[in-house]
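# An overview of the molecular structure
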Amino acid sequence: MDHDELQAWLRLTLSRGVGNAAARLLLARFGLPQAIFEQSEAALLECVTPAQAKALRAIPPTLADLVETTWEWLQDAPEPRAAARTLLTLGDVGYPRILLNTDDPPLLLYLMGPAARLSSEQPLGERPCLAVVGSRNPTAQGAEHARQFAKALRGAGLTIVSGLALGVDAAAHEGALESAGPEEDHPATIAVVGTGLDRVYPAANRALAHRIARQGLLVSEYPLGTPPLAPNFPKRNRIISGLSQGTLVVEAALASGSLITARLAAEQGREVFAIPGSIHSPQSRGCHALIRQGAKLVESAQDVLEELSLPAAATSSGPQGLGREHPRQDSPLLQALGYDPMGLDALLARTGMDAAGLQVQLLELELSGDVARLPGGLFQRMGTA
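Our next topic: the pairing of strand E12 (residues 378-381). Strand direction decides the pairing type here: strand E10 (residues 342-343) and E12, joined by two bridges, are antiparallel. The residue bridging Met-342 from the neighbouring strand is Phe-379, located in E12. Strand direction decides the pairing type here: strand E11 (residues 371-374) and E12, joined by four bridges, are antiparallel. Among the inter-strand pairings, Val-371 is bridged to a residue of E12, identified as Arg-381. Two successive antiparallel strands, E11 and E12, enclose a turn made up of three residues, where Gly-376 displays a positive phi of approximately 85 degrees.

Have a look at this one:
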């Protein structure tokens, strides 16, 4: 893309009141953006409203600065592979076909990461992807499920797509990165963000974003400099689901934005999966609602792979891979604990142990990763029920 072409595409996205749908009509009628801006107002009115035609004839006041900022960003990739940068347009051969076949594909995709160096032979989305989404405030078990499922599914060859939010999103990205090799042709994980790629939000995920830029891919439809604006995050969810063959919801309250992603996935004709949880946990109610509506109930990574007709992960047996083979022999304390959060007094009553002995065993199980200590003096068994 040369400087003039970049300017035309950015001008189209900045034209006030001209959304993606109107822009696609204009592109279908006139061709590349440069041709759109050569049209008379009368010609434009064949496709858009008078207000939109007027906006297209005006130069956006922020255009010049954005063009220069974007041009410099594209030229300033720090290394040959890591954190490579590119800008895909709707007409590029490397634009992901799986996303192009959705109702509202973005006009532009800003990409940063090794996989940003795309070619027509291996465009983004050609390898199978799975969206893993959920609560920003998951239970300890929910966060561990997200990490372990992402790790196992990445081990089976899926690219894990999520939104770089706190909680389940971050855990899913981290699990996928744990299964990533040092040199791979396709990204371990894709983070679709709601800001410009020169911003990291939330700031607590800055280190994770930098890891994804080295081993995965950061994606945004928003121009550089775009701050974290509330309406942008639900809107970007259509890209998360649109890049993926299916969407797995790990934990979600009934008002969770993850349910938006699941709905969009269903509307796009993609599979929707949900992990059931405790009937006492508000964070499970969204998943239970999805299951009642027809989402596939998931208990293991194999459930997802079988539904997508993909081979099982080589590491899928045992609790690490969330498989069903060779179940672990549970200790009496784990059997007593079950899978719902439980307080110390209830455990004392259920096990008949003395307080000191119980505390010692709980500490050992915490250190081994079999039990998580939750706020409020509660304990919860990790792994799947």
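That covers the picture; the talk isn't over yet.
Our focus in this paragraph is the sheet that holds strand E8 (residues 271-274). Spatial strand order, E1-E2-E6-E5-E4-E3-E7-E8-E9: nine strands in an open sheet with mixed pairing. Of all strands in the sheet, those with a lone pairing partner are strand E1 (85-89) and strand E9 (296-297), marking the two edges. Alignment of strand E7 (residues 246-249) against E8, held across four bridges, turns out to be parallel. Within E8, the residue paired with Thr-247 across the bridge is Val-272.

Residues of strand E6 (residues 217-220) alternate between two faces, with Leu-217 and Val-219 on one and Leu-218 and Ser-220 on the opposite face, all of them buried. As defined by bridge partners, strand E2 (residues 108-112) adjoins E6 across three bridges and the pair is classed as antiparallel. Bridged to Tyr-110 within E6 is Ser-220. As paired elements, strand E5 (residues 189-192) and E6 share three bridges and run parallel to each other. Bridging across to E6, Ile-190 finds its partner in Leu-217. For the segment spanning E5, helix H10 (residues 206-215) and E6, crossover handedness is right-handed.

Of all eleven residues that make up helix H11 (residues 232-242), nine are buried, and the element is covered over most of its length. Of the positions making up H11, those classed as buried are Asn-232, Phe-233, Arg-236, Asn-237, Arg-238, Ile-239, Ile-240, Ser-241 and Gly-242.

Let's shift gears to the packing of aromatic side chains. One pass over the full model with this rule turns up two aromatic pairs. Arg-11 extends its terminal NZ or CZ atom over the ring of Phe-37, reaching a point 3.9 Å from the ring centre.

So, about the pattern of salt bridges. Overall, the coordinates contain ten salt bridges when judged by the stated rule. Two residues, Glu-144 and Arg-147, come together in a salt bridge whose shortest N-O distance is 2.8 Å. Here Arg-147 and Glu-144 lie together in helix H8 (residues 140-155), a separation of three residues that amounts to about one turn. Arg-147 gets classed as buried once you look at its relative accessible area, which sits at 18%. Here Glu-271 makes a salt bridge to Lys-296, at a shortest N to O gap of 2.9 Å. Of this pair, Glu-271 sits in strand E8 while Lys-296 sits in strand E9, and the two are 25 residues apart along the sequence. A relative accessible area of 24% places Glu-271 in the partly exposed class. One salt-bridge network, in which partners are shared between bridges, spans Arg-24, Asp-104, Glu-221 and Arg-238.

Another point: the nonpolar core. Leu-12, Leu-26 and Ile-190 are the most contacted members of the largest nonpolar core, which totals 74 residues. Sequence-distant contacts of Leu-12, defined by excluding residues within four places in its chain, comprise Val-18, Ala-23, Leu-26, Leu-27, Pro-33, Ile-36, Phe-37, Leu-56 and Leu-107.

To continue, consider the confidence of the model for the protein. Averaged over every residue, the pLDDT of the protein is 88; residues scoring 70 or more account for 89%. pLDDT under 50 marks residues 313-321. Its contacts with residues more than four places away, or in other chains, come to 20 contacts. Here residues 323-329 is a poorly scored stretch, pLDDT under 50, and it has 16 contacts once near neighbours within four places are set aside; other chains count.

Definitions and cut-offs
Residues numbered from 1 in each chain as written. Predicted model: local features only at pLDDT ≥ 70, side-chain atom pairs only at ≥ 80, totals over all residues. Heavy atoms only, no water. Pairing = 2+ DSSP bridges. Helix = DSSP H or I, 4+ residues; strand = E, 2+ residues; numbered from the N terminus. Buried < 20%, exposed > 50% of the residue type's maximum accessible area, 1.4 Å probe, protein only. Right-handed = clockwise from strand over helix to strand, strands pointing away. Phe/Tyr/Trp six-rings, centres within 6.5 Å; stacked < 30°, edge-to-face > 60°. Lys NZ or Arg CZ within 6 Å of the ring centre and 35° of its normal. Salt bridge = Lys/Arg side-chain N within 4 Å of Asp/Glu carboxyl O. Core = buried A, V, L, I, M, F, W, Y, C linked by side-chain atoms within 4.5 Å. Contact = heavy atoms within 4.5 Å. pLDDT = per-residue confidence, 0-100.

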